[in-house]
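# Results of the structural survey
The lines below spell out each chain.
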Amino acid sequence: MSVELSKKGQVLTATGLAAGYDGRAIVSDIDIEATPGKVISIVGPNGSGKSTLLKSLVGVVRVLDGTVKVGDTVITNTPSEEVAKIGVGYVPQIDDVFPPLSVKENLEIGGYLLARHEIRGRIDAVLEFFPKLKAMMSRKAGKLSGGERKMLAMGRVLMLSPSVLVLDEPTANLAPIVATQLLEEYIRGFADFGSTVLLVEQRAKAALRISDWTYVLGGGRVVLDGAPDDLAQNPIFIESFLGGGAATHAPKD
Amino acid sequence: MSSLGFGLISAAVLAIATVGFTMQFAVTNVLNLAYGSIMINSAFVSYYVNQHGVTAWVALVGGVLTGAIASWLLNRFVYTPFQRRNLAPITVVIVSLGIDLMGTFGLQAIVGGGFVSFTQNQGSEYHFAGLLLSSLQLIIIGICAAVLVGVHGLLKYTRLGKAMRATSANRSLARNSGIKTNYIISTTWLISGALCGLAGTVFAMNAGVFEATSAQLYIVLLLAAMFLGGPGEPYGAMFGAITIGVATEVSAAYINPDYKDVIAFVVLIAMLMFRPFGIFGSEKTN
Ligand SMILES: Nc1ncnc2c1ncn2[C@@H]1O[C@H](COP(=O)(O)OP(=O)(O)OP(=O)(O)O)[C@@H](O)[C@H]1O
Ligand SMILES: [Mg+2]
């Protein structure tokens, strides 16, 4: 990676976590750990609570039980603006940009916590990473295509050089080739650089290919977890995610 | 021609009020129907300062502060506690309607039912673009222009203004970007409240004589102007205010003064039916 966009990571852990809406738990008994230099992925069927879990880690959804930590700092139910400040960058699955603001303004808001004189340089660094955005700086984010919009959403969160990246389906709506590039070059790249990456990814095969460890969520609980090579051999995992029998060898070739 | 001139001044007053109203609604998500009563209360504070021998234009500062502080307090002690309970948004609207009645009739109980007017020189008259305008009217137009340019500059070029727009567009994502949205929202109540107080005082000066209930139907004009221009759009507010201001005055002159507010109502309903996000506003995409 020519530009350093993220920082060396910190460990993100959740222990005995339960979280949900209006005091009702959607996810419970969650124990997960994301470590620097690794891509940790979460897969699971629609409605299994993947987004709710990520939201509870970053202070968007209320934690009802258990602890969330970044390094040694407890961040359970810390307001999300404080979570951003300690270096956790979160890209939500939907509503991931500010539609009426221009691309440039979206990036500026991403750098809201930076000093005024730092913002320009950061925007240049992010644009070097996502050069396609250069040509559309004054366009409103609401007018971007799905793929351009995802790049902007990633760009926004990179403005603060996060040490922990929490990404909720960053490849949704992307053309397969772009999705692969985003996962295998950029997202894997952040981890290789030393950042911590926690990723929700619908496509199990793609998730296994770039992950160091994968958690499988079902009905709001972790039902399975393991290294990608092991999961790829696991009959239950194959049955539910790899389309039964189709993938009998590890997807990492 | 004179009704067009009147329309222009009412439009300028309405524009000042609408810019504050639309900013308040867009950023805080509260449709504050008590805006009109805060306007008239602010006007009365300016009036009392003026009665103590202070020039009307200096007394206006009292009205601006009243609007800012009253709006901030209203949010802090009424709207925020209600919003925290996760009730349907209509609840807060109904509460604001109650506040509006209390604000207006509470004021009436204190100041009585009579008409009052500022001690103020209307100044000399000027011919301006074919219209005959008093210096009071010219100053109102000047204030309106300053408010529009100021608010535009705030929203477009300052860190606070961009944070206000981000908070308006997507509050949760704004917080994820490190913005303390509660602080941004309180500040918005102060700024939009100051504009409300300014608008109230200027409205009363322009009316010549006014009483506690003078701004009671003003909310209809505000809503119409806001929806015409698109909620949250300062230039839209100006466009909406000019359209409503001129339309109501001209219709008052040529049809029947009683139809003034009805015209605003018709425009409001038409907008809600056909373009609820305004002429300039765009649908918030999700
Ligand atoms: N704001 C909310 N209030 C109440 N319930 C919610 C809310 N958001 C999500 N849920 C419920 O929580 C459950 C888990 O939703 P969540 O979005 O976490 O699933 P997910 O695994 O991310 O699904 P997907 O793959 O479709 O993104 C669902 O049953 C959903 O209906
Ligand atoms: Mg989801």
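Since this is a predicted model, take the numbers as computed values, not measurements.

## Regarding the overall build of chain A
A count of helices and strands for chain A gives 9 helices and 10 strands. For 253 residues, the compact-globule estimate of 2.2 N^0.38 gives 18 Å, and the C-alpha radius of gyration of chain A, at 18 Å, lies within 12% of that figure. Dimensions of chain A along its principal axes, counting C-alpha atoms only, are 50 × 40 × 30 Å. With 253 residues in all, chain A has 57% of them scored as buried. Put simply, chain A shows about 10,500 Å² of open surface, and 51% of that area lies on carbon and sulfur atoms. Mean positive and mean negative side-chain charge positions of chain A (27 and 29 charges, respectively) differ by 6 Å.

## So, the pairing of strand β1 (residues 12-21) of chain A
Working note: regular strand, side chains alternate between the two faces of the sheet. Residues and elements named next belong to chain A. Among the 10 residues of β1, 7 are classified as buried, and the element is accordingly described as predominantly covered. Judged from the 6 bridges that link them, β1 and strand β4 (residues 63-70) form a sheet pairing that is antiparallel. Within the sheet, the bridge partner assigned to Ala19 lies in β4 and is Val63. One ladder, built from 7 bridges, connects β1 with strand β2 (residues 24-34); its direction is antiparallel.

## Things to note about the interface of chain A and chain B
Contact with chain A, which involves 29 residues of that partner, is made by 22 residues of chain B. Surface buried jointly by chain A and chain B totals about 2,300 Å² across both partners, of which 50% is contributed by carbon and sulfur atoms. Looking at the side of chain A facing chain B, the largest losses of area belong to Glu81(A), Phe98(A) and Tyr112(A), adding up to 29% of the total buried there. The tally of links between chain A and chain B comes to 3 salt bridges. At the junction of chain A with chain B, the criterion picks out 6 residue pairs in polar contact (both at pLDDT 80 or more). Of all the secondary structure elements, the ones that give two or more residues to the side of chain A that touches chain B are α2 (80-85), α3 (103-110) and α5 (146-158) of chain A. Per-element accounting of the side of chain A that touches chain B gives the leading share, 5 residues, to α2(A).

## Quick notes on the coordination of the magnesium ion (ligand 2)
Protein ligation of the magnesium ion (ligand 2) involves Ser51(A) (OG) and Gln93(A) (OE1), the donor distances falling in the range 2.0 to 2.1 Å. On the criterion of sequence distance, the pair formed by Ser51(A) in helix α1 (residues 50-57) and Gln93(A) in the loop between β6 (88-91) and α3 is long-range, its members being 42 residues apart.

## As for the site of ligand 1
All names here are of chain A. Around ligand 1, the structure places 13 residues, and the nearest of them are Gly47, Lys50, Ser51, Thr52 and Gln202. Residue Ser48 places a main-chain N or O atom 3.3 Å away from an oxygen atom belonging to ligand 1. Within the side chain of Ser51, an N or O atom sits 2.7 Å from an oxygen atom of ligand 1. Surface burial for ligand 1 is 61%, taken as the share of its 640 Å² of free accessible area covered by protein chains. If one sorts the elements of the shell around ligand 1 by residue count, α1 sits on top with 3 residues.

## Looking at α1(A)
Residues and elements named next belong to chain A. Burial of α1 is extensive: 7 of the 8 residues sit out of reach of the surface. Of the positions making up α1, those classed as buried are Lys50, Ser51, Thr52, Leu53, Leu54, Ser56 and Leu57. Of the residues flanking the end of α1, it is Gly59, one or two places downstream, whose phi is positive at about 85°.

## What to know about the pairing of strand β7 (residues 164-168) of chain A
All names here are of chain A. Counting buried positions over the 5 residues of β7 gives 5, a clear majority of the element. Neither face of β7 is open: one carries Val164, Val166 and Asp168, the other Leu165 and Leu167, and all of them are buried. By the bridge criterion, 4 bridges tie β6 to β7 in an arrangement that is parallel. The residue bridging Tyr90 from the neighbouring strand is Val166, located in β7. For β7 and strand β8 (residues 196-200), the ladder comprises 5 bridges, and the chain directions are parallel. Counted as the bridge partner of Val166 is Leu198 from β8. Each parallel crossover has a hand, and the one from β7 via helix α6 (residues 176-193) to β8 is right-handed.

The rules behind the values
- Residues numbered from 1 in each chain as written.
- Chains lettered and ligands numbered in written order.
- Predicted model: local features only at pLDDT ≥ 70, side-chain atom pairs only at ≥ 80, totals over all residues.
- Heavy atoms only, no water.
- Helix = DSSP H or I, 4+ residues; strand = E, 2+ residues; numbered from the N terminus.
- Rg over C-alpha atoms; globule rule 2.2 N^0.38 Å.
- Buried < 20%, exposed > 50% of the residue type's maximum accessible area, 1.4 Å probe, protein only.
- Areas by Shrake-Rupley, 256 points an atom, 1.4 Å probe, with all protein chains shown as cover.
- Lys, Arg positive; Asp, Glu negative; His and termini not counted.
- Charge placed at Lys NZ, Arg CZ, Asp CG, Glu CD.
- Pairing = 2+ DSSP bridges.
- Contact = heavy atoms within 4.5 Å.
- Buried area = accessible area lost by both parts, 1.4 Å probe.
- Salt bridge = Lys/Arg side-chain N within 4 Å of Asp/Glu carboxyl O.
- Polar contact = N/O pair within 3.5 Å; in protein donor to acceptor, adjacent residues only side chain to side chain.
- Donors = N, O, S within 2.8 Å, 3.2 Å for Na, K, Ca; no water.
- Near = heavy atom within 4 Å.
- Right-handed = clockwise from strand over helix to strand, strands pointing away.

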